Amino acid sequence: MLPKTIEQLDQIREECRKLVNRRSSVSAIAAAVPIPGIDVTVDAALVKDLLNEINQKFGLSKEQVDQLDAKTKELIIVLATSLGNELIGRTIGKKLVLSLVKKAATRMAAKQTSKFIPLIGIGVSAGISFATMKYLGNKHIDDCYKLVKQYIEQEASSTILS
C-alpha cells in the first residue's frame, strides 16, 4: 500500500536508511573474509534482498503495483520511468542485480585487487563494500521517496481541483 502522507513517507525513508546501514555492515564483514569471491556472492544476495525490501516498504513492489487501479499503476510507472529507475514496480532478480553490480564494477575491481595487500587491503575492501552497498541502497530509497512524494502531491492537487 502506498503511503498517504509525507509523514508516513518520511518514517518509511528513515526505516529504510537503517536497513541500508545494517546491510552495508554485513557486506563489509563479508568483504573482510579472506576467501576469494565470497563477498561478491554475499553482495549480490544482499543487494537483491535490500532493493526488494525497500520497494515493499514504499508500496512499490511488483505485487503491490500490480494490485493498484489502472490509473494509479500507470502514474507510478510513468514517475519511475521519469526518474530513470528500472527497479520500481518490478521483480528484482539476478539479471537486474548483475546489471547494478556491473555499474559498480570499478569499485568492485578495486575491492578485489586490494585484498592482495595484507591487512590494509582487507580494510579497504570492507570500506569499499560498505560504501557501495550504502550508495546503491540510499539511491534507491531517494528514488522511491521522490516517486511516492510526487504521487502524494498529485493526489492532493487533484483532490483540491475536484
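Note: the structure precedes this text.
Residues numbered from 1 in each chain as written. Predicted model: local features only at pLDDT ≥ 70, side-chain atom pairs only at ≥ 80, totals over all residues. Heavy atoms only, no water.

Student: Could you give an account of the pattern of salt bridges, with specific residues and numbers?
Tutor: Scanning the model with the defined rule gives eight salt bridges in all. When the shortest N-O distance is used, the salt bridge between D143 and K139 registers 3.2 Å. Residue D143 and its partner K139 are located together in helix α7 (residues 120–161), separated by four residues, close to a single helical turn. For K139, a relative accessible area of 38% translates into the label partly exposed. For E153, the salt bridge goes to K149, with nearest N and O atoms at 3.8 Å. Separated by four residues within a single helix, E153 and K149 lie in helix α7, roughly one turn from each other. Looking at K149, the relative accessible area reads 31%, which means it is partly exposed. Overlapping salt bridges bring together K62, D66 and K73 as one network. (Salt bridge = Lys/Arg side-chain N within 4 Å of Asp/Glu carboxyl O. Helix = DSSP H or I, 4+ residues; strand = E, 2+ residues; numbered from the N terminus. Buried < 20%, exposed > 50% of the residue type's maximum accessible area, 1.4 Å probe, protein only.)

Student: If you had to explain the nonpolar core to someone new, which residues and values would you point to?
Tutor: With 32 residues, the main nonpolar core has I54, F58, L60, I76, L147 and V148 as its most contacted residues. Elements represented by at least two residues in this core include exactly α1 (6–32), α2 (38–58), α4 (70–83), α5 (94–103) and α7. Sort the elements by how many residues they give to this core and α7 lands first, with nine residues. Apart from residues lying up to four places away in sequence, L147 is in contact with L60, I76, L79, A80, L83 and I88. (Core = buried A, V, L, I, M, F, W, Y, C linked by side-chain atoms within 4.5 Å. Contact = heavy atoms within 4.5 Å.)

Student: Give a detailed account of the side chain of S61, specifying residues and quantitative values.
Tutor: Note that S61 resides in the loop between α2 and α3 (62–66). Given a relative accessible area of 5%, S61 falls into the buried group. Only 2.9 Å separates the side chain of S61 from the side chain of Q64, close enough to count as a polar contact. The residues contacting S61, other than those within four sequence positions of it, are N55, Q56 and G89. (Polar contact = N/O pair within 3.5 Å; in protein donor to acceptor, adjacent residues only side chain to side chain.)

Student: Can you explain the packing of aromatic side chains? Please cite residues and give values.
Tutor: All told, the structure shown has zero aromatic pairs when counted by the stated rule. If you follow R13 out to its NZ or CZ, it ends over the ring of Y145, 3.9 Å from the centre. (Phe/Tyr/Trp six-rings, centres within 6.5 Å; stacked < 30°, edge-to-face > 60°. Lys NZ or Arg CZ within 6 Å of the ring centre and 35° of its normal.)

Student: Quick one: what's the story with the side chain of N85, residue by residue and with numbers?
Tutor: Turning to its location among the elements, N85 is positioned in the loop between α4 and α5. Residue classification places N85 among the buried positions, given a relative accessible area of 8%. Separated by 2.6 Å, the side chain of N85 and the backbone nitrogen of L87 make a polar contact. In contact with N85, other than residues within four places in its own chain, are A80, H140 and D143.

Take it as geometry only, folks, not as evidence of what the structure does.
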